[in-house]
Structure formats: C-alpha cells, structure tokens
Amino acid sequence: MRDRRPPRGADDRPHPAANRGDAPDPPTASAQPVIVQRTPDDHLPEKPLDSGVVGRLTVTVERLRRELTVARAEADGRALVELAKGILVERLGYGPADALRQLEDLASQSNLSVLELAADLVNQASHDRIADVAREFLASTGEPSVGVRLRSAETGMLGADDVQAVAQSALEHALRPLGAQAVAIWAANSDQSLTLAGSAGFADEEAIRWRHVPPGVPVPARRALTERGPAVYESLAAAGLPSIGQREFGGGRLAVPAGAGGRITGVLEVCWSGDLPPQSQSLQRQFEALAELCATALESRPAAGDGNGVDPQTADLLELVHGLHDPCLVMRPDVDATGRATDYLILHVNPHFEDFAGRPRSAVVGARLLEAYPLAAEPGGLFEKIEHVLATGESFRSPGMSLSALVDGVPLTTRARVSISRHGTSAVVIWRTEDGTARVASLLQHAQRLGRIGGFEENLHTGEIVWNDTLFDLHGLAPHADPVPLERLPAHAHPDDGHTIGRFLRTLLHHRRPASTAFRLQRADGIARHIRVVAEPVLDADARISAVRGAYQDVSAQHWTEVALAATRDQLAHTEQQAAERNRLALQLQHAIMPPSRGPLDLHDLNVAVRYRPAEKDHLVGGDWYDALALPTGQVLLCVGDVAGHGIEAATGMVALRNALRGLAATGAGPGQLLGWLNTVTHHLTDNVTATTICALYQPRTRALRWARAGHLPPILVRDGRATELPTVSGILLGAIDQADYEEGEIRLEAGDTLMMYTDGLIERRDRSLEQSLHDLLTTAGNADGLTELDRRLDHLLRYSSSDTDDDTCLIGVTVR
C-alpha cells in the first residue's frame, strides 16, 4: 500500500545551500560519492525519544526520512558529477572508473566536496552557469546513446553497496537494451573455483544452486578465465555446457573476463534466451567496459571467507542457518551514535524462509525489522524479545507467539512457534507458523492480481488516501502519482456515466449506506476500462462518516465477453430462425410430393397403399421417398428410396431422384438398367448426394415381379401367413461411384400375396443389430396377415415397429387380387 499525504511543508524541503555545493563535509573513500544536503533540522539538538512503541517507530521514520533526503540529494547532484567525469575523460583520456577516482582524489586534496569540485570543473570548461551547461548537455543527448547508457550503468554500479546491486544495475541500464535477460558476476578464487558474487534476472533458487562452482567444472566463465578473453556461445543449449540459468536462458551466452592492470578478478557472464546479438567491435567494447566496472566492484568486495562483509563468525553462522529446515532470520543490531539499538538489520534468511505476509525473500533481506514488520514494536512483541536476548544472552522460546504484519495496510496476525538465540553480535530468529497465514496472504495478493481488484481507503477529514499497487495500475497511473479522490471520480469517467456515479456517491456519503456501481473509466493514456466499484462508509463513535473504504475491479474482460455472448445469441437466434424456415419449406415440399398417408390405389390387379411417417423433430426432415406408377408399357413401377442426410438438401435430392426415375422408367428398360442410369445421374448431376433405393417392375399379364436394389433393404413377401425376405441381389448405393452394375431378381406373385417395401426408419434401433430388427419385422408382418385390409396391415406394422432413432419412415404395401 502507498500512503499519499498532503504536500510537505517548508521544513521538510532540502536546504537551498545544498544545491549550491555548500556542504562542508569531505567525501568518503567509497566508490560513489555521497552528496549530502543539510536541512534546518540538522542544526537542532536531538530530542529524547520515547523508548516505547511510538519511540521506536519514530526513530525508524526519522531514519527513513534522512535516507530519502540523501537519495534525493544524490539524484540532484549526479548529473553534475557525470558532467565533470566526462570532462576528465575527454581532456585526460581516462576511463569512466579512473575519472571518478581522479575526481575523488582532487576533491580530497582541495578539501572540497565532490559536488563542489564538479561544479568548478564544469564552470571552467563551459564559462557559463552550471544550470545552463547541464541543461544543454541533457538536451544534446536526446535518446539514450551507448555512452549515456554505459554512464548510467557506471553510476549505478559504482554507487552500489555490493556486487549483487552491481549486477542489477548492469542488467537494468546496459544489458536489457541489448536484449539480455540475466547477468552473473563470478569471483575467481585462488583454488580455481568460482563464487557467484552477484546476479540479476535469475530465480532465487537458481542463484543459490550456483553460488559456488568447484574447480574443473567446464562452465563458460571457466573458459573465459583460461583463455583470458571473451567466451562466445551462439546457443548454450547447443554447446551442452552447464551454467547458471541453463534451462531458462539456453540461448546466446557471453562470458567476459573482468580485471584491470593485467589482473583478472572475475568474469561477467551475460545470458540471452534467444539468439546472441551480432558481436560488432563497438558492442565488444561495451561489454569490456562493463567487465571493467565489475572488476572494480569485485576488488572492493570482502575477501572470500568473511561472509560478504561480515566477520568470519557471522559467516559461519550464515552457513549454519542455511541448512536449517525451519524459516530462519539472522539479524544484527542497528545502533545510533549513543550505541543504543534502534532497529535490527535482517542480514540473511535461509532458503526455507516463508514470509507469513506473502512477500518474497528479497523483500525482507536487507530491510530493518521495523520496516518489514512494523507491528513487531508492540509491547511484548518480537522487537522486545530480540532486545532481551541480545542484552542477556538468554535464549527465548515460545510455543505460540503472535506475529503481525501489514498486508496492503491491513494487519495480518498469525500464531507461530518462535525461537530466538544470540550468536556473537547477531540474533537468530526461527519461527514456524501454525496455520496457513502465509499461504492465505499470498493467495490474497494473487487473487487481487488475477481478479484485477484494487483496494482503497480515503479519510474524509484529512484527505489522506491509501491505494494498493493494483489500483494504480487500473487507473493507468505511475506508482508515485497522487490517487484520485472519490469526489473527482466523475471527471475520470465517461460523461454518460456521470449520473450513475453521482447516485453511487449520494448513497455512500449522504445516506451512509454501502453502494456499488459500474462505470467506464477514461484513463489519461486514452484507454477506456469498464470498472466496478464497491464501497462502504466508516463511521466514528458519534455515527458520523469519517472514511470510505472499498475496492475497484476491472471487469472489462467480462463486459466484452457479455457483449460477444449477446451478439452470439442474436446470431444463433437468427440462424435458428433460418433453419426453422428451411425445415418448414423442406417439410412442405415433402408433403406436397408424398402425403403422409395415401389410400388404396388400384393399378391393374394390384391394390397399393402407402404410409409415410415423418421424424418427430422438425430439424430431422429426411429424404425418404416412394412411388407407385402405371407405365405406358403396361408395367407398374414400384420404388422406395432414402437420400442420406436431413433438411432441405435431402428433400430436394429426393425430388430430383424421384422425378429422374419416373422419366427413365418410361424407356421400358429393366430395373437393373434403370438403377445404373439413376446412379450416373446421382453421381454427376446432384451435389454430393448419395441414396439407397429399391426399384421393381410388375407385369400384370404374367404376374412377374423383377427388382433391383442399390444398397437398400430387400422387400418382404407375405404368403399364406408367413413373411420372408426376397432373395438378396447385389448393388451399390447410388452416387458412390461413376459407373455401377445392378443385379436383378425375379419372382412370380400369386393371388393373395402381399409385398412390402420400406426404409430403414421402420426397424433401426440403437440397442440391437440389424439382423435382429429384421427378424422382429418378419414376425410382426406375419402376425398382421390376419388383417384383411391392406391399410390396417400397414398401420399395424408402423404401430408395432421397434425403431427408436426418430428417423422418417416410408412404407409401401402391394396386394395381388
């Protein structure tokens, strides 16, 4: 959470003399000059502070304020120091690091601060005012060039406290613009081993795994040390060499020796996930310059074995806690001028450390106890326990101690088993939480991030507004920008949503009731987001509203999903309407050609009846068809067919085949020849239509029946109360191939015989085979022989058919008189 307060008063501003270089303190011998600005408060005697909770927190706040003042002073004077270094580089031919050392030496000899000497050098070189020269220099640089980028990296690297910070500065300022994703700085030890002195871009676990490389391991840094020159790999994965980040960054890899004056102290290793950039001469010089800066950092690094700036005893302690399986912190007192501990610096946390507030280990290491856990200053809290242990040497153990932290401004408390012991001047704190508070805190943060939810609280009396990080991102604001008060919310919303927001604010502030609404947020970058805000009033003891707290949620994705879903619904309704209309037309066409029932028809000595049962569902309108027609040749055409598919395409295909067969039958050809011609018509003159059919020709004079079939079920003959299938003749379905031959069968009918032709919708079942369904049909047809009327026989077959596929059914019955 960020606390946005009213602007600072005059007493909080840096003293004007600081910008004129009037600070009398000489520079330190560190690699980066510390430019100190004094404030009026520096001349006042220090007030005695309360030793309780308020006093401890006050000391922490004052120290952070002083550090902030120093940081601002460094930022204000850094550009001027960079100008002076550039002058030394140009006039004397120094490198960036040598120019800085020369500037420090000259300042020390002249008894001036580095800032004062830099101002004198710039004035002498430009013969103009400092501000004008600085402005012209910055204007002339334009986009960050190679020199400006390296100088920014140099400033950050030389001002870093340790090699880890050097690696981060090098990656941020110099290497990311070149496409690199990670960097490692190796320190070369006397036993030919390598120590990871600093890294950036890698996971914490990866850096811990590669903290030490024994002698003889063929890593890229080893080759750079052996050959005393850059080791270049187009692809680390292809080279097959082990190194830090080899799984995540298996692309290009470059290792450059880091040293000065012929002495190599380490290696700079740069990692890419993709291809290695072309190694031009200019680019090689950039890497060599960065390696030189890394060598400077490695030279100032404490010798191996002293625990990175701590005493050997503490270094051994860090190795010890590294192997513990419980979360562990190592702290060192942070004392003031009187020797009193005002806070405790968290030197180290082991790999098993899990912050119960859900923060990563990197956010805890290097912080003070009261910065990371302000609520530890409570009476009887962790601060007092550590203070007692260091003062008396008596270890502290508690089976259930309350630990508290602030998560987005909300106090989070957990119970833990805590152990505190003294080791030299350091305190070791081990805790094991008894519940899932750490996991809950982490889940809360991830839920806010994934749900795009930002919390806020606004004090209506003081105007203080607290936002969490997500809320700044939702509003498109920089993390240091001022939050938007509720009263100014309409100015940041779409004009059409002003009335909605006004009603929300009236409910919340006037009626003092919880309220929620949705509106369109107009961000400064031109992006519009759909936001839902929910808030509640906070009442004081007198039932007066004192603050408002709530949350914003970005529901843009949900909004556009609903818009797309509504459009899809409309399109689906239109498509369904079109489909219903097509099916209605297909059904009308089918009924116009083939009525569902057709009474007995006398064709010579035949009594013909037809039944057509459409599918129960309208969208399953099929292509079943039948025909019974007396031909000019004196024969009677009997046929049944089934076009594959459903809908208007099947219905139109059925009409085309039925009419084509009628025309072909007038030629007097036999049923086999008719089906051969019909197959050619189906294959060439229709659009991807296939069908099954059976075609029969009856000669009244001889009572001979000739038939042929194209993949269709054979007819059934009922004679003397017994139903049988006619002999099967071969024939492929219509439309499958270009040319096909169809075998014919012939039988002589007798008076009283009944012939039935049907489509598969009469017998198809999902739970039984076709043979079993045919057997059931023969049984049902034989039992219906006792019915004298043909219509009743057909109705009996439809009523007792075992079909369950909801397909349309066509049935034609013929009785010989």
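Given the structure is predicted, the values throughout are model-derived calculations rather than measurements. (Residues numbered from 1 in each chain as written. Predicted model: local features only at pLDDT ≥ 70, side-chain atom pairs only at ≥ 80, totals over all residues. Heavy atoms only, no water.)

Draft legend 1. Structural view of the overall build of the protein chain. Within the protein chain one finds 21 helices and 28 strands. Split into buried and exposed, the 817 residues of the protein chain put 44% on the buried side. For the protein chain, restricting intrachain contacts to residue pairs at least 6 apart in sequence, the fraction spanning at least 24 positions comes to 59%. Per element, the accessible surface of the protein chain, about 40900 Å² overall, is 52% carbon and sulfur. (Helix = DSSP H or I, 4+ residues; strand = E, 2+ residues; numbered from the N terminus. Buried < 20%, exposed > 50% of the residue type's maximum accessible area, 1.4 Å probe, protein only. Contact = heavy atoms within 4.5 Å. Areas by Shrake-Rupley, 256 points an atom, 1.4 Å probe, with all protein chains shown as cover.)

Draft legend 2. Quick peek at the state of the cysteines. Per the stated rule, a full pass over the model turns up zero disulfides. In this structure cysteine 639 is a free cysteine whose sulfur lies 6.0 Å from that of cysteine 695, the closest cysteine sulfur available. (Disulfide = S-S within 2.5 Å.)

Draft legend 3. Broad picture of the packing of helix H18 (residues 648-665) against helix H19 (residues 671-685). Packing of H18 against H19 leaves a shortest axis separation of 10 Å and a crossing angle of 140°. By the criterion of interaxial angle, the relationship of H18 to H19 is oblique. Relative to H19, H18 is oriented so that their crossing is right-handed. Residue-level contacts link Leu657, Ala660, Leu661, Leu664 and Ala665 of H18 to Leu674, Trp677, Leu678, Val681 and Thr682 of H19. (Axes fitted to C-alpha atoms, helices over the stretch in contact; angles between N-to-C directions. Parallel < 35°, antiparallel > 145°, perpendicular 65-115°, else oblique. Left-handed = near helix turned anticlockwise from the far one by under 90°.)

Draft legend 4. Geometry of the packing of helix H6 (residues 163-175) against helix H10 (residues 281-299). The geometry of H6 relative to H10 is characterised by a closest axis approach of 10 Å and an angle of 165° between their N-to-C directions. By the angle between their axes, H6 is roughly antiparallel relative to H10. For the pair H6 and H10, the crossing hand works out as right-handed. In this structure, H6 uses Val163, Val166, Ala174 and Leu175 to contact H10, whose residues at the interface are Phe287, Leu290, Ala297 and Leu298. Tallied by class, residues from the contact of H6 with H10 come to eight nonpolar, no polar and no charged. (Nonpolar A, V, L, I, M, F, W, Y, C, P; charged D, E, K, R; others polar.)

Draft legend 5. Just the environment of aspartate 326, in detail. Inspection of the secondary structure puts aspartate 326 in the loop between helix H11 (312-322) and strand E8 (328-335). The residues contacting aspartate 326, other than those within four sequence positions of it, are Asn350, His352, Ile430 and Arg432.

Draft legend 6. Up close: the side chain of glutamine 635. Within the secondary structure, glutamine 635 is located in the loop between strand E20 (622-630) and strand E21 (636-646). Polar contacts involving the side chain of glutamine 635 include one to the side chain of threonine 633, which spans 3.5 Å. Beyond its immediate stretch of four places on either side in the chain, glutamine 635 contacts Leu629, Ala630, Leu697, Tyr698, Gln699 and Pro700. (Polar contact = N/O pair within 3.5 Å; in protein donor to acceptor, adjacent residues only side chain to side chain.)

Draft legend 7. Structural detail: the confidence of the model for the protein chain. Residue-level pLDDT values for the protein chain average 79, and 78% of them are 70 or greater. Residue range residues 1-50 is modelled with pLDDT below 50. Its contacts to residues more than four positions away, or to other chains, number 87 contacts. (pLDDT = per-residue confidence, 0-100.)

Draft legend 8. Highlighting the packing of aromatic side chains. Summed over the entire model, instances satisfying the criterion amount to seven aromatic pairs. When the centroid spacing of 6.2 Å and the interplanar angle of 90° are considered together, the rings of tryptophan 272 and phenylalanine 287 count as edge-to-face. Here tryptophan 272, found in the loop between strand E7 (263-271) and H10, pairs with phenylalanine 287, found in helix H10; they are 15 residues apart in sequence, far enough to count as distant. Take tryptophan 272 and phenylalanine 287: they sit in the same class, and that class is buried. Ring geometry for phenylalanine 456 and tyrosine 552: centres 5.2 Å apart, planes at 45°, overall tilted. Linking phenylalanine 456 in strand E13 (residues 453-459) with tyrosine 552 in strand E17 (residues 545-554), this pair joins segments that are 96 residues apart in sequence. Judged by its relative accessible area of 6%, phenylalanine 456 is buried. Relative accessible area serves as the criterion here: at 2%, tyrosine 552 is assigned to the buried category. Members of the aromatic cluster, each reached through a chain of ring pairs, are Phe353, Tyr373 and Trp431. (Phe/Tyr/Trp six-rings, centres within 6.5 Å; stacked < 30°, edge-to-face > 60°.)

Draft legend 9. Region of interest: the pattern of salt bridges. On inspection of all chains with the given rule, the structure shows 25 salt bridges. Its salt-bridge partner being arginine 223, residue glutamate 227 comes within 3.2 Å of it at the nearest N-O pair. Note that glutamate 227 and arginine 223 are positioned in helix H8 (residues 220-227) at a spacing of four residues, about one turn of the helix. Looking at arginine 223, the relative accessible area reads 32%, which means it is partly exposed. One connected set of salt bridges, linked through shared partners, spans Arg765, Asp767, Arg768 and Asp776. (Salt bridge = Lys/Arg side-chain N within 4 Å of Asp/Glu carboxyl O.)

Draft legend 10. Representation of the nonpolar core within the structure. Grouped together as the largest cluster of nonpolar side chains are 32 residues, with contacts concentrated most on Tyr373, Leu382, Ile386, Val418 and Trp431. Elements supplying a minimum of two residues to this core: E8, strand E9 (341-349), helix H12 (369-372), helix H13 (382-392), strand E10 (396-407), strand E11 (410-423) and strand E12 (426-433). Residues within four places of isoleucine 386 in sequence aside, it is in contact with Met331, Tyr344, Leu369, Ile420, Ala427 and Val429. (Core = buried A, V, L, I, M, F, W, Y, C linked by side-chain atoms within 4.5 Å.)

Draft legend 11. Looking closely at the pairing of strand E27 (residues 754-758). Taken across its five residues, E27 has five buried, putting it largely inside the fold. Residues Thr754, Met756 and Tyr758 line one face of E27 and the alternating positions Leu755 and Met757 line the opposite face, and both faces are buried. Judged from the three bridges that link them, strand E24 (residues 716-719) and E27 form a sheet pairing that is antiparallel. Looking across to E27, one finds that isoleucine 716 is bridged to methionine 756. Across five bridges, E27 lies against strand E28 (residues 809-816) in antiparallel orientation. (Pairing = 2+ DSSP bridges.)

Draft legend 12. Representation of a nonpolar patch on the surface in the model. Residues Ile732, Leu733 and Ile737 make up a contiguous nonpolar surface patch of roughly 210 Å² in combined accessible area. Locating isoleucine 737 in the fold gives a position in the loop between strand E25 (722-725) and strand E26 (744-748). For isoleucine 737, a relative accessible area of 36% gives the class partly exposed. (Patch = residues over 30% accessible without salt bridge, like charges linked within 9 Å, V, L, I, M, F, W, Y side chains within 5 Å.)

Draft legend 13. Geometry of the environment of cysteine 639. By the element assignment, cysteine 639 lies in strand E21. On the basis of relative accessibility, which here comes to 1%, the residue cysteine 639 falls in the buried class. Counting along the chain gives 68 residues from cysteine 639 to tryptophan 707, while the straight-line C-alpha distance between them is 9.3 Å.

Draft legend 14. Spotlight on the sheet that holds E20. Taken in spatial order, the five strands make up an open sheet running E20-E21-E22-E23-E26, and their pairing is antiparallel. Strands with a single pairing partner mark the edges of an open sheet, and in this sheet they are E20 and E26. Adjacent strand axes in the sheet meet at a mean angle of 15° when their direction is disregarded. Here E21 pairs with strand E22 (residues 691-699) via eight bridges, running antiparallel. Bridge pairing in E22 places aspartate 642 opposite threonine 692. The strands touched by H19 within the sheet are E22, strand E23 (704-710) and E26, with E23 carrying the most contacts at an inclination of about 25°.

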